[in-house]
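# Structure at a glance
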Amino acid sequence: QVQLMESGGGLVQPGGSLRLSCAASGSIFSFYSMGWYRQAPGKQRELVATITGGGSISYSEAVKGRFTLSRDNAKEMMYLQMSSLKPEDTAVYFCNAKGPIPEADYWGKGTLVTVSL
């Protein structure tokens, strides 16, 4: 059974940077898609960035140009480098891995990012 765990969240000032990490255990297939999502209180969970098994990366318009997703299949790790952070980036950030069938859809428990003075 696959388990995902996020880390790296915390309090940062506007304009600052943070790097989030997602570690997988139980092994995932290299062709799985992975991604970062976030959810603020009272809002729906939203897509931040995704990467396909083939390495194609996409970003939401809200973070494009500021966030960078990377993936290391050998280490079963995924990262999200966040820069020029804004208060609107404040949310719980979740790691996701998705396979070709509905049962292959895994989520971490989230890590909180707070952007504030």
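Thresholds applied
- Within each chain, residues carry numbers counting from 1 in the order of the written sequence.
- With the structure being a predicted model, the display of local features is reserved for residues of pLDDT at least 70 and the display and counting of side-chain atom pairs for 80 or more, all residues being used for whole-chain, interface and lining totals.
- For side-chain calculations, the full set of non-hydrogen atoms in the structure is used, while hydrogens and water are omitted.
- Among buried residues, the Ala, Val, Leu, Ile, Met, Phe, Trp, Tyr and Cys ones that are joined through side-chain atoms within 4.5 Å form a nonpolar core.
- The cut-offs for exposure are 20% and 50% of the maximum accessible area for each residue type, with area from a 1.4 Å probe on protein chains only; residues under the lower value are buried, those over the upper are exposed, and the others partly exposed.
- The way it works is that DSSP assigns letters per residue, a run of H or I at least four long becomes a helix, a run of E at least two long becomes a strand, and they are numbered from the N terminus.
- Contact definition: two residues touch when any of their heavy atoms are within 4.5 Å.
- Note on terminology: pairs of cysteine sulfur atoms within 2.5 Å are recorded as disulfides.

What follows covers the nonpolar core. Core analysis: the largest hydrophobic core is formed by 30 residues, its most contacted members being Trp36, Leu80, Met82 and Tyr93. Elements with a contribution of two residues or more to this core: strand S3 (18–25), strand S4 (33–39), strand S5 (46–51), strand S7 (67–72), strand S8 (77–82), strand S9 (91–98) and strand S11 (111–115). What Met82 contacts, discounting residues up to four positions off in sequence, is Gly16, Ser17, Leu18, Leu20, Arg66, Phe67, Tyr93 and Val113.

Quick look at the state of the cysteines now. Under the criterion given, the structure shown has one disulfide. Two residues share a disulfide in this structure: Cys22 and Cys95, whose sulfurs sit 1.9 Å from each other. Here the disulfide of Cys22 and Cys95 is left-handed, its torsion about the S-S bond being about -70°. One end of the pair, Cys22, is in strand S3; the other, Cys95, is in strand S9, with 73 residues separating them in the sequence. Note on Cys22: relative accessible area 0%, which makes it buried. Taking the relative accessible area as the measure of exposure, Cys95 reaches 0% and is therefore buried.

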